[in-house]
Amino acid sequence: MTSMNRREFLKTTVATTAIVSSVLPGISSAAEGGKITVYVVHGKDIPKMVAAGMAKLGGWEKFVKKGQKVTLKPNVAWISKPEQGADTDPVLVATCVTACKTAGASEVVIPEKSCNDWKQSFASSGVLAAVNKVGGRMYALTEDKHFRKMDLPNAKVLKQADVAIDVLDTGCLINMPVAKSHVLTTLTLGMKNWMGSVKDRQFWHRNQLHQCVADCCTLIKPALTILDATRIMLTKGPRGPGEQECPNQIVFGTDPVAVDAYATTLFKKEPFSIQHIKMAHDMGIGCGDLKQVEIVNIEA
Amino acid sequence: MRLVIRILVLVVAAVFATQIIPVMVERRLESESLANGGTGIVASTAVTGRTCALLLPALSPFSAVSSAVAKQSVGWVFLLCIPVFVMSVIKGRWFCFHLCPTGFLAEMAGKLRPGSKSKFVSMPRAGGIIVLFALGGAVLGYPIFLWLDPLCIFNGFFSVWHVPLTLVTLLPVIGLIFIIALSVWRPNAWCYRFCPLGFSQELLGKAWRHVLHVHTQKRQAILSIEAGHKPDTGLGRRFFLALVAGGISSFAARKVFGKQQPIRPPGAITEDKFTAICIRCGNCVRACPKKIIVPDIGQSGVAGFLTPVIKMDPNFCAEWCNECTKVCPTGAITRISLTEKNNIAIGTAFVTKSNCLAWEKDQACMVCDEYCPFHAIKTIKRGEVLCPEVDPAICRGCGFCQAGCPAERKAIIVHGKPQRKLAHVKLQGT
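Residues numbered from 1 in each chain as written. Chains lettered and ligands numbered in written order. Predicted model: local features only at pLDDT ≥ 70, side-chain atom pairs only at ≥ 80, totals over all residues. Heavy atoms only, no water.

Draft legend 1. Main features of the overall build of chain A. Of the regular secondary structure elements, chain A holds 11 helices and 13 strands. With 300 residues in all, chain A has 57% of them scored as buried. Residue pairs at least 24 apart in sequence account for 71% of intrachain contacts in chain A once pairs closer than 6 positions are excluded. If you sum the accessible surface of chain A, you get close to 12400 Å²; carbon and sulfur atoms cover 54% of it. (Helix = DSSP H or I, 4+ residues; strand = E, 2+ residues; numbered from the N terminus. Buried < 20%, exposed > 50% of the residue type's maximum accessible area, 1.4 Å probe, protein only. Contact = heavy atoms within 4.5 Å. Areas by Shrake-Rupley, 256 points an atom, 1.4 Å probe, with all protein chains shown as cover.)

Here it is in structure tokens:
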């Protein structure tokens, strides 16, 4: 019987871990446990809050490479005023556009497929005006040429999808959802926001919406998620008008599932009570278990 | 000179009917706003001159007076018919000779065959019957034949040219083509034998002269009775009989309904008057930015041929728009504000459970609830699954749910209902 000394044991362990983690990158990131951090910035001055959050994450330069395109995906799906909270705050979007440009982005594009008439949604939300002012390019995904057919090999239901080209081919993809209630998925947070980047939404509704939301996240992997929880819609979402609350928070994180998991607590809900968070966690897209997520609160 | 004026009027009328100017103004405002870092959106409350489209059809005293009598109300649009009304009292067919664009086209077409210039004389004076039938019907609230007004036929011809161009939207074109074809076959026949507007001008002129000469006529009548002759009341009797006949036939016509109440544009007056007072000018079809208003073929019966109906899927009646209510020359669609429009139910949505993903396949769907601008969908909990049901006290029938329904066969469909006012609902974004 050959015994294994400590050094050998360590070697094998490290090697196995390396192999496993290279084969299953998803699981490894979920299993990294304590390394997943979600930064929650409290405050009222949005530009200040963004600056504070990004300083903790290592600055904009860590995400935005010089001369590369940056794609932002705010939620501008509905005809809604900024204070009504159905769309991402225009100041937040504009702040991020400015910051990306300062960090050296060649251009900042914001593609969005609205549920309501896009002109009315873009206008009433104030996002288009704010973005135009700071030199971003926001446009509606209305034509077939905006999309590319993609295969999703790791998906369970959504095996194929037409996804916005600007979401696929970009130097840095940043998800900027707004936290609000939703009539069929209970809450709509970061992951469900990608529904505004695909052509055929109706397929999702016909075929297990929650699974499709999770499936889509196997393909679309944002470098960063900035969740707008300055005001949240508690009822009658996603369209509103509904009851409101003002947590005055912006949530930053690189793990899309962890950000969503934290956001559920704002609505006094368990992360795994939202089916697509549970599914995404189980599929290894990210970590939805808040015990393994470090939540850092920052005042700004 | 007369020729220049007539060509000018023709062009201006065509431009108004095609609503080119408002579209151009909107485009300019849009690009200006975009260039200035704005959103490029023209608010639906902004005056873009779309209302100009009603100018031409509203000039006609024939359709204006008949529809005002039938509705028993007048708006400011009615005032537009007064110039022509006054001119025809003073000068008879003055408008016909100098301004009427349809008359001009008919005249030009008639010149193709100068040989048969006077063949129309043997044709019956149908125009008179049309006018009297319309007036008789108007008293009973159903003025038939209003759609024979030449100005609205002209307007209809030009207003249909917009995308998407389908066979159905092209149908209103036949009116003007028919007039031109008739004028080639029998020059002058339309103007002197059929045109109700022409005859009503003649009638007004005659009536005025009749009033002027009433004294001399009375004296003559007395003289003739004294001389042993019966007084001449021929015209009066015929006039009266035609009015009565118009009343009776309108009474019969308004009983002819389609099988189903069609979905009318918001602000439409009651169905039993709508099919008569609507002159099929095509303005509302043209004005709709969502292109959901189409000329009807058969849904609302024979009486409603080519009247505007709403076809929902794949678009819907947007809650930020009331363009169609701004362009009706006869008031078949009343002028209402955006708020008023949003509080009118043009129909009601119904859930067909056998098609519904939630009711039939236990899927979590509720897209109808997600999209409904008025929150008219009630959520029924059936075990774990949430299922939709429509609250008819809130549903406006805008059709957004129908447009969004992901089921293979639409599970929620808007059905026509007599329009009714509902309690105000605060909309998101207002």
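Let us keep going from here.
Draft legend 2. The pattern of salt bridges, seen in detail. In the structure shown here, the tally under the stated rule is 20 salt bridges over all chains. Taking the shortest distance from any N to any O, the salt bridge between Asp117 of chain A and Lys290 of chain B comes out at 3.5 Å. Within this pair, whereas Asp117 of chain A is found in the loop between strand S3 (107–112) and helix H5 (118–125), its partner Lys290 of chain B is found in the loop between helix H17 (283–287) and strand S1 (293–295), the two belonging to separate chains. When sorted by exposure, Asp117 of chain A lands in the same class as Lys290 of chain B, which is buried. The partner of Lys149 of chain A in a salt bridge is Asp162 of chain A, and the shortest N-O contact between them spans 3.4 Å. Of this pair, Lys149 of chain A sits in strand S5 (residues 147–151) while Asp162 of chain A sits in strand S6 (residues 160–164), and the two are 13 residues apart along the sequence. (Salt bridge = Lys/Arg side-chain N within 4 Å of Asp/Glu carboxyl O.)

Draft legend 3. Geometry of the side chain of Gln84 of chain A. Within the secondary structure layout, Gln84 of chain A lies in the loop between strand S2 (69–74) and helix H4 (90–102). Overall, Gln84 of chain A belongs to the buried group, its relative accessible area being 12%. At a separation of 2.8 Å, a polar atom in the side chain of Gln84 of chain A contacts the main-chain amide nitrogen of Lys81 of chain A. When near neighbours in sequence (up to four residues on either side) are disregarded, Gln84 of chain A contacts Met233 and Gln244 of chain A together with Lys426, Leu427, Gln428, Gly429 and Thr430 of chain B. (Polar contact = N/O pair within 3.5 Å; in protein donor to acceptor, adjacent residues only side chain to side chain.)

Draft legend 4. Quick look at empty space enclosed by the protein. Within the structure shown, the criterion is met by 8 cavities of 30 Å³ or more. By volume, the largest cavity amounts to about 190 Å³. At 3 residues, the largest contribution of residues to the lining of the largest cavity is made by H17 of chain B. The residue inventory of the lining of the largest cavity, partitioned by class, reads 17 nonpolar, 5 polar and 1 charged. Its boundaries defined by the atoms lining it, the second largest cavity holds a volume of some 160 Å³. Looking at the lining of the second largest cavity, the elements that each hand over two or more residues are strand S8 (178–182) and helix H8 (201–206) of chain A. (1 Å grid on protein atoms, 1.4 Å probe; cavity = no way out; pocket = protein on both sides within 12 Å on 5 of 7 lines; lining within 4 Å. Points joined across faces, edges and corners; volume = space filled by probe spheres on them. Nonpolar A, V, L, I, M, F, W, Y, C, P; charged D, E, K, R; others polar.)

Draft legend 5. Fine view of the packing of helix H7 (residues 101–110) of chain B against helix H11 (residues 174–185) of chain B. All names here are of chain B. With their axes 7 Å apart at the nearest point, H7 and H11 run at an angle of 35° to one another. As H7 runs across H11, the sense of the crossing is right-handed. For the pair H7 and H11, contact is made by Thr102, Leu105, Ala106, Ala109 and Gly110 and by Leu176, Ile179, Ile180, Ser183 and Val184, respectively. (Axes fitted to C-alpha atoms, helices over the stretch in contact; angles between N-to-C directions. Left-handed = near helix turned anticlockwise from the far one by under 90°.)

Draft legend 6. View of the packing of helix H9 (residues 150–159) of chain B against H11 of chain B. Residues and elements named next belong to chain B. Packing of H9 against H11 leaves a shortest axis separation of 7 Å and a crossing angle of 120°. Comparing their axes, H11 and H9 come out oblique. Facing H9, whose interface residues are Ile153, Phe154 and Phe157, H11 presents Gly175, Leu176, Ile177 and Ile179. Tallied by class, the residues present in the contact of H9 with H11 amount to 6 nonpolar, 1 polar and no charged. (Parallel < 35°, antiparallel > 145°, perpendicular 65-115°, else oblique.)

Draft legend 7. Spatial organisation of the state of the cysteines. Residue and element names in this part refer to chain B. With the rule as written, the count across this model stands at 0 disulfides over all chains. Between Cys401, a cysteine without a disulfide, and Cys395, which holds the nearest cysteine sulfur, the sulfur-to-sulfur distance is 6.2 Å. With a relative accessible area of 9%, Cys401 lands in the buried category. (Disulfide = S-S within 2.5 Å.)

Draft legend 8. Examining the packing of aromatic side chains more closely. For the coordinates displayed, the defined rule picks out 10 aromatic pairs over all chains. Relative to Phe158 of chain B, the ring of Phe157 of chain B has its centre 5.0 Å away and its plane inclined at 75°; by these criteria the two rings are edge-to-face. The pair Phe157 of chain B / Phe158 of chain B is uniform in exposure class, with both members buried. Measuring from centroid to centroid gives 6.0 Å for Phe157 of chain B and Trp161 of chain B, while their planes differ by 70°, and the two rings are edge-to-face. Phe157 of chain B sits in the buried class, given a relative accessible area of 18%. Trp161 of chain B gets classed as partly exposed once you look at its relative accessible area, which sits at 39%. Aromatic ring contacts, followed pair by pair, group Trp78 of chain A together with Phe316, Tyr371 and Phe400 of chain B into a single cluster. Its guanidinium or amino end placed over the ring of Trp185 of chain B, Arg186 of chain B lies 4.3 Å from that ring's centre, counting from NZ or CZ. In this arrangement the basic side chain of Lys353 of chain B is found over the ring face of Trp359 of chain B, its NZ or CZ atom lying 4.1 Å from the centre. (Phe/Tyr/Trp six-rings, centres within 6.5 Å; stacked < 30°, edge-to-face > 60°. Lys NZ or Arg CZ within 6 Å of the ring centre and 35° of its normal.)

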